[in-house]
Amino acid sequence: MESTVNPAMNRIPDHIAIIMDGNGRWATRQGMPRLSGHFQGYKTLHNTVIWAANLGVKVLTAYAFSSENWTRPEDEVEGLMELVLVALRAEIEMMMEEGVRIVRSGRSEGLPDEVVREFDHTTQQTQSNSRITLNICLNYGWRNEIIDAARRVAEMAANQRIQPADVDEKLLSSLMYRPELPDPDLLIRTAGELRVSNFLLWEIAYSEIYVTQTLWPDFSEEDLGKAIASYQLRTRKFGAVVDEQQAD
Ligand code: IPE
Ligand code: IPE
Ligand code: MG
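Owing to the predicted nature of the structure, the values given are computational and were not obtained by experimental measurement.

Definitions and limits used
- Throughout this document, residue positions are counted from 1 along each chain, in the order its sequence is written.
- Just so you know, chain letters begin at A and ligand numbers begin at 1, following the order they were written in.
- Given that the model is predicted, a residue must reach a pLDDT of at least 70 before its local features are reported, and side-chain atom pairs must reach 80 or more before they are shown or counted; all residues, however, enter totals for whole chains, interfaces and linings.
- To get the side-chain values, all heavy atoms of the structure are used, and hydrogens and water are removed first.
- Think of it this way: any DSSP run of H or I at least four residues long counts as a helix, any run of E at least two long counts as a strand, and we number them from the N terminus.
- One less than the residue count of a helix, multiplied by 1.5 Å, gives the span that helix is expected to have.
- When checking whether two residues touch, look at their non-hydrogen atoms; a contact exists if any pair is within 4.5 Å.
- Summary of the burial criterion: residues with accessible area below 20% of their type's maximum are buried, those above 50% are exposed, and those between are partly exposed, where the area comes from a 1.4 Å probe applied to protein chains only.
- In protein, a polar contact means a hydrogen-donor-capable atom and an acceptor-capable atom, both N or O and within 3.5 Å, with residues adjacent in sequence counting only if both atoms are side-chain atoms; elsewhere, any N or O pair within 3.5 Å suffices.
- At least two bridges found by DSSP between two strands is the condition for calling them paired.
- By convention in these notes, a residue is near a molecule or strand provided one of its non-hydrogen atoms lies within 4 Å of it.
- Note on areas: Shrake-Rupley with a 1.4 Å probe; residue coverage comes only from the protein chains shown.
- Three classes are used, and their members are as follows: Ala, Val, Leu, Ile, Met, Phe, Trp, Tyr, Cys and Pro are nonpolar, Asp, Glu, Lys and Arg are charged, and the others, Gly among them, are polar.

Asks: Looking at this model, I keep getting lost on helix H5 (residues 142–158). Mind explaining?
Replies: Structurally, the α-helix is built with 3.6 residues per turn, so residues lying three or four positions apart point the same way. Here H5 contains 17 residues, and its C-alpha end-to-end distance of 24 Å stays within 8% of the 24 Å for a straight helix at 1.5 Å per residue. Looking at the packing, one finds that the buried side of H5 touches strand E4 (132–140) and helix H6 (169–174).

As structure tokens, then:
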């Protein structure tokens, strides 16, 4: 199997979504506190945004904190929220230089006010950047995303704005958190777990999946290249009959 990206194949995924997993294991293996793994993971994300932008990826979605991660020890949760603030402030320069527009997916409710404020401020500052969109899933859970969409459908129906037959794929897609973004072409999970952990279940319906044993803090440009090279060898069928020889 080819292990390097072939830009000539013209099949660089437009949208890559990443479940950045393994920070805790990385830290524990080095005898360090879990938070140092999260800090290293943030550094990896900084690098990955630049590598992805340079390859021509248009959207990078990163799972940073799930709706279930609130069950972790209080100091880890607090440390992660603090890290979000530190990272937003430290990365503004990189985002302006590299043309990164940053957006957030997930419920605001539950997040510290300061995190919501700082995030929304950074989104505003970067809104005209157009090389790559960085979509950070923070306090994100797909079950919440579908619950929130269902509530809006119920409101529209209660206000007589729609009929039951109006509920279709197009309407529901428009009610997801980031309807303006294309669905992910490639879903990467680091640290080897074979599960989706409540991540983008609507949006990844036809994404190609790549799982690597590499722990997120160790994820390298070569790992990203291997994931994209694997994607380039896939035949996307979307349920149809496709001649695998003809499809590139
Ligand atoms: C992923 O790394 C980051 C977050 C969930 C915030 P983990 O913290 O889940 O790392 P492991 O799975 O314990 O190694
Ligand atoms: C998924 O990782 C969430 C993030 C990467 C933010 P988890 O470590 O929370 O997932 P599980 O618990 O292994 O399923
Ligand atoms: Mg984990």
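Asks: Please clarify how the side chain of threonine 214 should be interpreted in this entry.
Replies: For threonine 214, the location among the structural elements is in the loop between strand E6 (208–211) and helix H7 (221–232). The class of threonine 214 is buried, set by a relative accessible area of 19%. A polar contact is formed between the side chain of threonine 214 and the side chain of aspartate 223, at a distance of 3.4 Å. Not counting chain neighbours up to four residues away, the residues in contact with threonine 214 comprise Thr190, Ala191, Phe219 and Asp223.

Asks: Honestly, the pairing of strand E3 (residues 100–105) in this entry has me stumped. Any pointers?
Replies: Regular strands have side chains that alternate between both faces of the sheet. With respect to burial, E3 is a largely interior element, six of its six residues being buried. Of the two faces of E3, the one carrying Val100, Ile102 and Arg104 and the one carrying Arg101, Val103 and Ser105 are both buried. Judged from the six bridges that link them, E3 and E4 form a sheet pairing that is parallel. Bridging from a neighbouring strand, serine 105 pairs with cysteine 137 of E4.

Asks: I keep staring at the site of ligand 1 and nothing clicks. Help me out?
Replies: Around ligand 1, a shell composed of Met20, Asp21, Gly22, Asn23, Gly24, Arg25, Arg34, His38, Ala64, Asn69, Arg72 and Leu80 is seen. Between arginine 34 and ligand 1, the recorded distance is 2.9 Å, taken from a side-chain N or O atom to an oxygen atom. A distance of 2.7 Å separates an oxygen atom of ligand 1 from a polar side-chain atom of arginine 72. Look at ligand 1: alone it shows 380 Å² of surface, and the protein chains cover 87% of it. Breaking the shell around ligand 1 down by element, the ones donating at least two residues are helix H1 (23–29) and helix H2 (34–55). Among the elements that make up the shell around ligand 1, the one with the highest residue count is H1 (three residues).

Asks: Before we go on, may I ask you to explain the site of ligand 2 in this structure?
Replies: Around ligand 2, a shell composed of Ile19, Met20, Asp21, Tyr63, Ala64, Phe65, Asn69, Arg72, Arg189, Arg195 and Ser197 is seen. Between an oxygen atom of ligand 2 and a side-chain N or O atom of arginine 189, the distance comes to 3.5 Å. Interatomic distance of 2.6 Å between a side-chain N/O atom of serine 197 and an oxygen atom of ligand 2. Coverage of ligand 2 by the protein amounts to 79% of the 390 Å² it exposes when considered alone. Here the shell around ligand 2 gets three residues from one element, more than from any other, and that element is strand E2 (residues 59–66). In the shell around ligand 2, the residues fall into five nonpolar, two polar and four charged.

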